[in-house]
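The chain contents come next:
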Amino acid sequence: MRVITGIARGRKLVTPEGIDVRPTTEKVKEGVFSSIQFNLDGADVLDLFAGSGQMGIEALSRGAAHAVFVDSSAKSVRCVNENLRNTGLYKQAEVISRDSYDYIRLTAQKFDIIILDPPYRFGHIHKLLPLAEKKLNKGGFIICEYEKESEQPNAPENMVLKKTYRYGKINVSVFIKPMEDEE
């Protein structure tokens, strides 16, 4: 696994060992970032259920200003920190060891891009989307990765589905919170 493009292009990333983390494939990652490439410059990003941190790191490498990485696993937090050091992006990042639900409910911070890639088969996307919408700036995006067999998540209130991408066994839905003049 590596950073695809940007200032950290080609840098290898480590992943937590074991079956708890399912890294996003490079094909899916490239598709996701192609869909939001013009919205990354200067963005504040939240990588919830960060795992290795590869999605938030890719966003930083491509021009995001700041990223918050949240994961409750000590192994994942260690990997995110190591990957940020190895890519030189640690000054633009904040790594938080905390339950993702607690964080999204309690943070006062707002984001331009929120990445939701929780463990599959537990319905997390459907529960998290309404919470994430409240922490999203107008014009912002929520990117949801989920298994193909799962029901496609509905757009939260005040958001619209931009597009759903299908990559083999994985679906990615991108939701946007329109600016007031787009509603």
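All values derive from a computational prediction rather than experimental measurement.

A.B. asks: Help me out: how do you make sense of the overall build of the protein in this one?
C.D. replies: The helix and strand inventory of the protein stands at five helices and seven strands. Listing the helices and strands of the protein from first to last along the sequence gives α-β-α-β-α-β-α-β-α-β-β-β. In summary, the protein has a C-alpha radius of gyration of 15 Å against a globular reference of 16 Å for 183 residues, a match within 12%. Taking all 183 residues of the protein together, 51% fall into the buried category. For the protein, the accessible area works out to roughly 9000 Å², and carbon and sulfur atoms hold 48% of it. Computing the positive centroid from 26 side-chain charges and the negative centroid from 25, the protein places the two 5 Å apart.

A.B. asks: What am I meant to see in unusual backbone geometry here?
C.D. replies: Trans is the prevailing form of peptide bonds, just as negative phi is the prevailing case for residues other than glycine. Positive phi is not limited to glycine here, since Phe49 has a value of about 60°. Residue placement: Phe49 occurs in the loop between strand E1 (44-48) and helix H2 (54-61). Of note in the backbone geometry, Asn158 takes a positive phi value of approximately 75° without being a glycine. With respect to the helices and strands, Asn158 occurs in the loop between strand E5 (136-147) and strand E6 (160-167). Using a relative accessible area of 43% as the deciding quantity, one classes Asn158 as partly exposed.

A.B. asks: What should I look at first to understand the pairing of strand E3 (residues 93-97) in this one?
C.D. replies: It is a general feature of regular strands that their side chains alternate between the two faces of the sheet. Direction of pairing for strand E2 (residues 66-71) relative to E3: parallel, over a ladder of five bridges. Each residue of the ladder has a partner; that of Phe69, found in E3, is Val95. Once the chain exits E2 it traverses helix H3 (residues 74-87) before rejoining the sheet at E3, and the crossover so formed is right-handed.

A.B. asks: Looking at this structure, how should I read the pairing of strand E7 (residues 170-176)?
C.D. replies: Burial runs high along E7: seven of the seven residues are buried. Burial along E7 is two-sided: the face carrying Ile170, Val172, Val174 and Ile176 and the face carrying Asn171, Ser173 and Phe175 are both buried. In this sheet, E7 lies alongside E5 in antiparallel orientation, the contact comprising seven bridges. Counterpart to Glu145 in the pairing with E7 is Val172. The hairpin formed by E6 and E7 contains two residues between the paired strands, and Gly168 there has a positive phi angle of roughly 60°.

A.B. asks: Got a minute to help me understand the pattern of salt bridges in this structure?
C.D. replies: When the charged atoms of two side chains with opposite charge come close together, those side chains can pair. This structure, assessed with the given rule, holds four salt bridges. Between Lys29 and Glu58 there is a salt bridge; the shortest N-O distance is 3.6 Å. In this pair, Lys29 is assigned in helix H1 (residues 26-36) and Glu58 in helix H2, connecting sequence segments 29 residues apart. By relative accessible area, Lys29 is classed as buried at 0%. Note that Glu133 and Lys177 form a salt bridge whose closest N and O atoms lie 3.0 Å from each other. With Glu133 in helix H5 (residues 124-133) and Lys177 in the segment after E7, the pair connects residues that are 44 residues apart, well separated along the chain. Residues Glu133 and Lys177 agree in their burial class; the two are buried.

Reading the values: rules and limits
Residues numbered from 1 in each chain as written. Predicted model: local features only at pLDDT ≥ 70, side-chain atom pairs only at ≥ 80, totals over all residues. Heavy atoms only, no water. Helix = DSSP H or I, 4+ residues; strand = E, 2+ residues; numbered from the N terminus. Rg over C-alpha atoms; globule rule 2.2 N^0.38 Å. Buried < 20%, exposed > 50% of the residue type's maximum accessible area, 1.4 Å probe, protein only. Areas by Shrake-Rupley, 256 points an atom, 1.4 Å probe, with all protein chains shown as cover. Lys, Arg positive; Asp, Glu negative; His and termini not counted. Charge placed at Lys NZ, Arg CZ, Asp CG, Glu CD. Pairing = 2+ DSSP bridges. Right-handed = clockwise from strand over helix to strand, strands pointing away. Salt bridge = Lys/Arg side-chain N within 4 Å of Asp/Glu carboxyl O.

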